[in-house]
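Take a look at the letters that make up each chain.
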Amino acid sequence: MTSQEYLAKMTWARGQFKKYSKILVESFDYDYQEGNLESILKDKLKSQGVKFKKKSFEEFIDSVADVNTYSLIDDYKKFINTAKINNVKVDQIENLLTRKFEKQYYFAKSAAMLYQYYEDYLKENRKIDFNDMIYKAAAILKGNPQKYQQRYDHLLVDEFQDVSLGHIEIIKQFFEGDSQVKLFCVGDDWQSIYSFQGSDPKYFIDFEKYFGRAAKTYLVDNYRCPRSVLDAGNYLIENNKHKIEKKVNANNKAETIPKLHVLSESNRYKYKVTKYTVNLVKEYLAEGNEPEEIMIICRYDGAAPLLKEIKEELKNAGISYLGKGDDYYNVEDNGSIPENAVSIFSVHQSKGREADNVILLHMVKDDNFSFPTVDKENKLIEPVKLNRINHLEEERRLFYVAITRASKNLDILTQSNNMSPFVKEIDSNLERAETLDFSGIKTDNNFNLTAKLYRIWDSDNDKIRQSGLLETRTDETINFISWESWGLKELEKNVWYKLRNLRVKEFKGQKQIHFTADTEIIDLYQE
């Protein structure tokens with residue numbers, strides 16, 4: 001805007017305020033640049049008779065309740081915790097701020113005040129928090145490192161990919177001066193997923209930068225996962241730039257291929273994915289698996305509303321499950337063994353666990369619960385964040401953790417036209433389990449389907465063995481026909497089948513499933 005345009009705009013604005021008998025309080029950019037804006041505005045408002053009354057914290061929260069109070073309080077908590085994780089003291093925050101980002105500046109100023117109140121509270125009540133434990137321990141060690149170095153010959157650190165700055169400070173004290181302590185660290189940078197707790201894969205990848213020359217041993221043999229799952233994992237992590245190069249090999253002889261289940265988009269998606277997931281669980285149980293051998297994983301702990309619906313369906317079916325603070329046990333089935341239940345976890349909760357049969361739920365791209373999550377870089381927290389983690393790469397590592405929980409079968413559920421990019425990255429390693437979006441099926445292509453008999457039509461045609469409606473895992477129905485000449489067995493009510501090598505054709509303007517001479521009918525379980 002030119003000076004002439006600015007002056008014309010101000011003349012118009014003054015005229016409008018005067019016309020409607022309103023008071024215009026003017027401020028200027030140089031007031032802000034010189035840091036005087038707050039005091040100048042206060043004086044001008046006072047001169048117009050405005051009275052100031054300082055609000056209590058409770059009054060302040062009430063006054064901004066319509067500005068997402070929960071988010072505001074959560075941001076304050078996150079700011080203080082991030083500062084403490086990175087050992088940023090209250091009196092250091094001012095030097096980390098710039099007035100260039102006004103919202104960030106004033107948020108950080110207010111957060112620093114709360115931070116000070118919190119520190120005063122801890123001191124007055126002779127308490128410390130988890131971050132204090134870490135850094136106070138580091139300070140004690142730093143005060144007399146030789147005292148503690150003499151006690152130990154070796155220092156072993158497991159899950160090294162999860163260490164934070166505080167942990168690094170503790171470890172380094174054992175190797176100051178003429179220390180003879182030997183350091184032994186084990187971990188996997190591909191599974192570094194706790195940046196919100198201060199972990200950073202750089203401590204692992206650039207290990208020698210922090211601890212000097214080191215002998216390296218690559219533990220690349222995996223005894224949990226089938227080769228097909230590890231191949232998918234290797235292929236996935238190839239897309240990350242920041243990593244230690246390696247190839248993980250399988251020592252599990254299970255000959256399975258991860259299955260991709262693509263559900264069609266519709267306003268009934270939540271209902272469909274609920275029914276489909278629970279039917280997958282029932283299928284595994286019918287095959288002789290115990291509930292404890294099945295794990296359902298989602299990106300988020302609360303992945304609402306999907307998990308709530310799935311848990312309700314499992315409960316209605318009498319299937320025990322374990323969830324964070326929300327468990328259900330069918331006493332008749334489990335007796336005195338409550339651990340024998342289907343596990344329902346977020347990816348973070350699943351870390352360190354495994355199951356024969358793993359179902360990854362809702363692996364989509366655009367959604368409030370997408371995987372990867374949207375990178376909502378919180379600018380309010382930025383002044384006290386010392387590490388800059390590549391969000392997409394960490395989400396990819398998190399997906400790697402999810403798929404490698406499977407020791408036998410891996411099922412990935414996604415949505416047509418909304419598939420997670422991570423699923424696309426390993427698509428060549430997946431087998432499409434069955435088609436649920438009939439609109440995309442070509443008439444000359446075979447496809448598979450899990451279904452049960454919903455209704456039989458009466459027919460006088462001797463050439464027809466059976467015709468009627470099939471019900472899919474998502475509670476949808478579709479017409480089907482089976483010909484006498486193929487010699488296939490008849491479907492029975494209340495039995496779920498795996499139907500292989502089906503064809504789809506048009507009949508009176510509608511899709512109809514045709515059984516063929518190559519069709520296989522496999523009994524799964526009876527309701």
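Please refer to the structure placed before this passage.
Bear in mind that the values here come from a model prediction, so they are computed numbers and not experimental data.

(A) Representation of the overall build of the chain in the model. Of regular secondary structure, the chain possesses 19 helices and 17 strands. Its C-alpha atoms give the chain principal-axis dimensions of about 100 × 80 × 50 Å. Counting the 527 residues in the chain, one finds 45% classified as buried. Excluding contacts between residues fewer than 6 apart, the proportion of contacts in the chain whose partners are at least 24 apart in sequence is 71%. For the chain, the computed accessible surface area is about 30400 Å², with 48% contributed by carbon and sulfur atoms.

(B) Geometry of the state of the cysteines. Following the criterion strictly, the structure yields 0 disulfides and no others. Sulfur of Cys225: no disulfide; nearest cysteine sulfur belongs to Cys298 and is 19 Å away. On the accessibility criterion, Cys225 (0% relative accessible area) is buried. When its relative accessible area of 2% is taken as the criterion, Cys298 is described as buried.

(C) Spatial organisation of a nonpolar patch on the surface. Judged by side-chain polarity, Ile128, Phe130 and Met133 come together as a nonpolar surface patch covering roughly 320 Å² of accessible area. Relative to the assigned elements, Met133 resides in helix α8 (residues 130-143). A relative accessible area of 46% places Met133 in the partly exposed class.

(D) Structural view of the pattern of salt bridges. Inspection of every chain in the model, using the stated rule, returns 19 salt bridges. The salt bridge involving Arg224 is made with Glu354; its shortest N-O contact spans 3.2 Å. Here the residue Arg224 occupies a position in the loop between β3 (221-222) and α13 (227-237), and Glu354 occupies one in the loop between α17 (347-350) and β9 (355-360), the gap between them amounting to 130 residues. Taking the shortest distance from any N to any O, the salt bridge between Lys511 and Glu506 comes out at 3.5 Å. Ionic contacts of the salt-bridge type, sharing partners, join the residues Lys84, Glu119, Asp129 and Asp132 into one network.

(E) Main features of the pairing of strand β15 (residues 495-507). When strand β12 (residues 447-456) meets β15, the two strands line up antiparallel, connected through 5 bridges. Along β15, the bridge assignment pairs Ala451 with Tyr497. Where β15 meets strand β17 (residues 520-526), 6 bridges bridge the pair, whose relative direction is antiparallel. Its bridge partner lying in β17, Arg500 is registered against Glu520. For β15 and strand β16 (residues 510-514), the ladder comprises 5 bridges, and the chain directions are antiparallel. Its bridge partner being in β16, Arg503 is matched across the sheet by His514.

(F) Spatial organisation of the environment of Ser459. With respect to the helices and strands, Ser459 occurs in the loop between β12 and β13 (464-472). For Ser459, a relative accessible area of 40% translates into the label partly exposed. Within the structure, the side chain of Ser459 is placed 3.1 Å from the backbone nitrogen of Asn461, a separation counted as a polar contact.

(G) Quick peek at the environment of Ser428. Checked against the element boundaries, Ser428 lands in the loop between α19 (421-425) and β11 (431-435). You can call Ser428 exposed: its relative accessible area is 63%. Taking C-alpha positions, Ser428 is 22 Å from Asp444, a pair spaced 16 residues apart along the chain.

(H) Region of interest: the layout of surface pockets. Counted as a void, the second largest pocket has a volume near 1300 Å³. Along its surface, the second largest pocket is lined by 41 residues, and Val186, Gly187, Asp188, Phe204 and Leu219 are the ones closest to its centre. Counting only elements with at least two residues in the lining of the second largest pocket, the list comes to β2 (182-185), α11 (202-205), α12 (207-211) and β3. For the lining of the second largest pocket, the element with the most residues is α12, which contributes 4 residues. Grouping the amino acids of the lining of the second largest pocket by side-chain chemistry returns 19 nonpolar, 8 polar and 14 charged. In this structure, the lining of the second largest pocket is formed jointly by two domains, domain 3 (131-217) and domain 4 (256-432), each of which donates at least three residues.

(I) The arrangement of helix α18 (residues 391-403) in detail. The end-to-end C-alpha distance of α18, which contains 13 residues, comes to 19 Å, matching closely the 18 Å that a straight helix rising 1.5 Å per residue would cover. Most of α18 is tucked away, with 11 of its 13 residues classed as buried. Regarding α18, the residues found buried are Glu393, Glu394, Glu395, Arg396, Arg397, Leu398, Phe399, Tyr400, Val401, Ala402 and Ile403. Each element contacted by the buried residues of α18 is listed here: α13, β6 (294-298), α17, β9, β10 (406-415) and α19.

(J) How the structure looks around unusual backbone geometry. The omega torsion of the bond from Phe371 to Pro372 falls at 10°, within 30 degrees of zero and hence cis. Following the sequence through the fold, Pro372 ends up in the loop between β9 and α18. Positive phi, close to 50°, is recorded for Arg126, a residue that is not glycine. Examined against the element boundaries, Arg126 turns out to sit in the loop between α7 (102-124) and α8.

Parameters and conventions
- Residues numbered from 1 in each chain as written.
- Predicted model: local features only at pLDDT ≥ 70, side-chain atom pairs only at ≥ 80, totals over all residues.
- Heavy atoms only, no water.
- Helix = DSSP H or I, 4+ residues; strand = E, 2+ residues; numbered from the N terminus.
- Buried < 20%, exposed > 50% of the residue type's maximum accessible area, 1.4 Å probe, protein only.
- Contact = heavy atoms within 4.5 Å.
- Areas by Shrake-Rupley, 256 points an atom, 1.4 Å probe, with all protein chains shown as cover.
- Disulfide = S-S within 2.5 Å.
- Patch = residues over 30% accessible without salt bridge, like charges linked within 9 Å, V, L, I, M, F, W, Y side chains within 5 Å.
- Salt bridge = Lys/Arg side-chain N within 4 Å of Asp/Glu carboxyl O.
- Pairing = 2+ DSSP bridges.
- Polar contact = N/O pair within 3.5 Å; in protein donor to acceptor, adjacent residues only side chain to side chain.
- 1 Å grid on protein atoms, 1.4 Å probe; cavity = no way out; pocket = protein on both sides within 12 Å on 5 of 7 lines; lining within 4 Å.
- Points joined across faces, edges and corners; volume = space filled by probe spheres on them.
- Nonpolar A, V, L, I, M, F, W, Y, C, P; charged D, E, K, R; others polar.
- Domains from an automatic or database assignment.
- Expected span 1.5 Å × (residues − 1).

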